[in-house]
Amino acid sequence: MNRERLQKVQAEFIKCLALEEKYWQQKAGMTWFKEGDRNTKFFHAQVRGRRKRLQLNRIQNSGGTWIEEEQEIAEEAIKFYEEQFTEAVTPSSFDILEHVPNMINNEQNAELIKQPTKEEVKVAVLGLNGDSAGGQMMKHPLIMQVLNAYEDASGQLINKTKSAVYLHHLTDMELVSKVERITGIHRNDFPIIYLGCPIFYARRKLEYYQPLITKFFWSNSVGGTSRHWALWNTLCMPVEEGGIGFRLLHDVAKALFSKLWWNFRTKPSLWSSFVCQKYCKKMNSVVVPWKRGSRIWRKMLECRDLIEHQIFWQTKRGSSLFWFENWTGLGALYFLVLQDFGIDETVQNVHDVTLDGEWDVDRLFEMLPEDLAVHILEKIKPPLPQQALDMPCWMLETRGYFSVKSAWDYTRRRDEPRITYTMIWVKGLPFKIAFFMWKVWKAKLSLDDFLKRVG
């Protein structure tokens, strides 16, 4: 009886600890903290730190004067929001609305403004995070007339102190000064931070994001300045090859472009037809040279040279291209045949070298070297017209379906695997302990001899 009561009390105690941990985890706003790492004192410190950072000690009023007294801060806050939500001017002119085109009809508008159903509300609520709380611009004074018309029609006043003008970085400074003088709005530079996300006006390359990720890993913040104890390329290797399992952005991008090439080669679509007509013209995509084109197309061609020979066309009807597709398992015959033989352009598909359901032996030996012709006769069954079209198979997967994972593993940078590394990363061992052991083995700890070596 006492043992049963003890077990109930222990279960209740564990439940209370879990509730307390969940409460402080939510208060601390730490969605990344792993469940089971119970440390209430640590959560308390996080909450105190957040409160200290969010505390307001002084504010600036509309006149630009700093206010520090608590009562004056409260009065100024009330005054600010009263002005924000009180209409100083009643809208009277709605001429600007005549220039706004109707993009939706009445039926669509009724669908947009109707009350959401219970099921829609349920889906939205369940999708929330349980640990969280719910080109060139303005070049003419005419823009001020538009802004004034907007204020008259909407009743909303534009806060010029919180607004900004964004211009191209090569814009002449005289024009910038003119825009600021006319509008009364200061200029700002990109990127714009909107809802915590930086917005750029130009394309950002991988070289921009990689240092951000590196800084965040070593210092837990994008703007951190902690020392990097190992090269990022070293970390971005599988654990059995001396890394810690991260993936280099360049390798991931290469795998994704490989998927684009796979879709382009094996899945006929409007997009693939457009790309073929634009960049290939009358040439086959397997041999089209690197010419001017979009960045996407050039990256696809880069991956073509890496993975095209891994696309195997399983012979059925013989619809595969005889010279340009890998239907023999050895690669495209266009690259295997010596120049002495030449390319017989009268042969287009595989079924063109068959006679009555059998291989045309004489023609194969006439067009191909002896070893290739023997390989086809001995290893590949002749196609039959009543069968389906030839099927593409991804040779790096047993089922023949393309996967980004296998493409990444095939195209990535490699190193010699070692058993020692796999013994460090034991399943179930916390990352911080395994990473510490990894640094010990790699001699990356901040000891005197290492600091002297790196300076």
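Shown above is the structure to which this text applies.
All figures in this text were calculated on a predicted structure; none of them were measured in a lab.

**Observations concerning the overall build of the chain**
When helices and strands are tallied, the chain shows 19 helices and ten strands. Of the roughly 33,100 Å² of accessible surface on the chain, a fraction of 55% belongs to carbon and sulfur atoms.

**Looking at the nonpolar core**
By size, the foremost hydrophobic cluster in this structure holds 34 residues, and its most contacted members are Trp 297, Phe 322, Trp 327 and Leu 368. Elements represented by at least two residues in this core include exactly α10 (249–266), α11 (270–280), α12 (295–307), β7 (311–314), α14 (361–367), α15 (370–379) and α16 (404–411). Apart from residues lying up to four places away in sequence, Phe 322 is in contact with Trp 327, Leu 333, Val 347, Gln 348, Asn 349, Val 350, Val 353, Leu 364, Met 367 and Leu 368. Judged by nonpolar contacts, the second largest core, of 14 residues, contains Trp 232, Leu 235, Cys 236 and Trp 438.

**Structural notes on the side chain of Thr 183**
When you line up the elements, Thr 183 lands in helix α7 (residues 173–183). With relative accessibility at 2%, the residue Thr 183 sits in the buried group. From its side chain, Thr 183 meets the backbone nitrogen of Ile 185 in a polar contact 3.2 Å long.

**A short note on the packing of aromatic side chains**
Applying the stated criterion to the full structure yields 18 aromatic pairs. Here Phe 264 and Trp 297 contribute two aromatic rings whose centre-to-centre distance is 5.7 Å and whose plane-to-plane angle is 80°, an arrangement assigned as edge-to-face. Of the two residues, Phe 264 sits in helix α10 while Trp 297 sits in helix α12, which places them 33 residues apart along the sequence. Assigned by exposure class, Phe 264 and Trp 297 land together as buried. Taking 5.4 Å as the distance between ring centres and 40° as the angle between the ring planes, the aromatic pair formed by Phe 322 and Trp 327 counts as tilted. Phe 322 sits in the buried class, given a relative accessible area of 0%. Its relative accessible area of 0% is what places Trp 327 among the buried residues. Taken together, the aromatic side chains of Trp 261, Phe 264, Trp 271, Tyr 279 and Trp 297 make up a single cluster linked through ring pairs. The positively charged end of Arg 58 is found above the aromatic ring belonging to Trp 66, 4.0 Å away from the centroid. If you follow Arg 412 out to its NZ or CZ, it ends over the ring of Trp 408, 5.3 Å from the centre.

**Notes on unusual backbone geometry**
Phi angles above zero are rare outside glycine, and Lys 281 is one such case at about 55°. Tracing the backbone through its elements, the reader meets Lys 281 in the loop between α11 and α12. Even without a glycine there, the phi angle at Asp 356 is positive, about 55°. Looking at where Asp 356 falls in the secondary structure, it is placed in the loop between β8 (354–355) and β9 (358–359). Judged by relative accessible area, Asp 356 falls into the exposed class, the value being 83%.

**As for the environment of Phe 257**
In this structure, Phe 257 sits in helix α10. Remark: the alpha-carbon pair of Phe 257 and Arg 298, spanning 41 residues in sequence, is separated by 9.8 Å. Not counting residues up to four positions away in its chain, the partners in contact with Phe 257 are Arg 295, Ile 296, Lys 299, Met 300 and Cys 303.

**Here's the deal with the packing of α10 against α16**
In contact at an axis separation of 8 Å, α10 and α16 are set at 125° when each is read in the N-to-C sense. In terms of orientation, α10 lies oblique with respect to α16. Pair α10 / α16 crosses with right-handed handedness. Mapping the contact onto sequence places Asp 251, Val 252, Lys 254, Ala 255, Leu 256, Ser 258 and Lys 259 in α10 and Val 404, Ala 407, Trp 408 and Thr 411 in α16.

**Description of the pattern of salt bridges**
With the rule as written, the count across this model stands at nine salt bridges. Residue Lys 299 pairs with Glu 302 through a salt bridge whose shortest N-O separation is 3.7 Å. Of the two residues, Lys 299 and Glu 302 are both situated in helix α12; the distance of three residues between them amounts to about one turn of the helix. On the basis of relative accessibility, which here comes to 32%, the residue Glu 302 falls in the partly exposed class. One salt bridge in this structure joins Arg 414 and Asp 409, with 3.8 Å as the shortest N-O distance. The structure contains a network of salt bridges with shared partners spanning Glu 241, Asp 409, Arg 412 and Arg 414.

What counts as what
- Residues numbered from 1 in each chain as written.
- Predicted model: local features only at pLDDT ≥ 70, side-chain atom pairs only at ≥ 80, totals over all residues.
- Heavy atoms only, no water.
- Helix = DSSP H or I, 4+ residues; strand = E, 2+ residues; numbered from the N terminus.
- Areas by Shrake-Rupley, 256 points an atom, 1.4 Å probe, with all protein chains shown as cover.
- Core = buried A, V, L, I, M, F, W, Y, C linked by side-chain atoms within 4.5 Å.
- Buried < 20%, exposed > 50% of the residue type's maximum accessible area, 1.4 Å probe, protein only.
- Contact = heavy atoms within 4.5 Å.
- Polar contact = N/O pair within 3.5 Å; in protein donor to acceptor, adjacent residues only side chain to side chain.
- Phe/Tyr/Trp six-rings, centres within 6.5 Å; stacked < 30°, edge-to-face > 60°.
- Lys NZ or Arg CZ within 6 Å of the ring centre and 35° of its normal.
- Axes fitted to C-alpha atoms, helices over the stretch in contact; angles between N-to-C directions.
- Parallel < 35°, antiparallel > 145°, perpendicular 65-115°, else oblique.
- Left-handed = near helix turned anticlockwise from the far one by under 90°.
- Salt bridge = Lys/Arg side-chain N within 4 Å of Asp/Glu carboxyl O.

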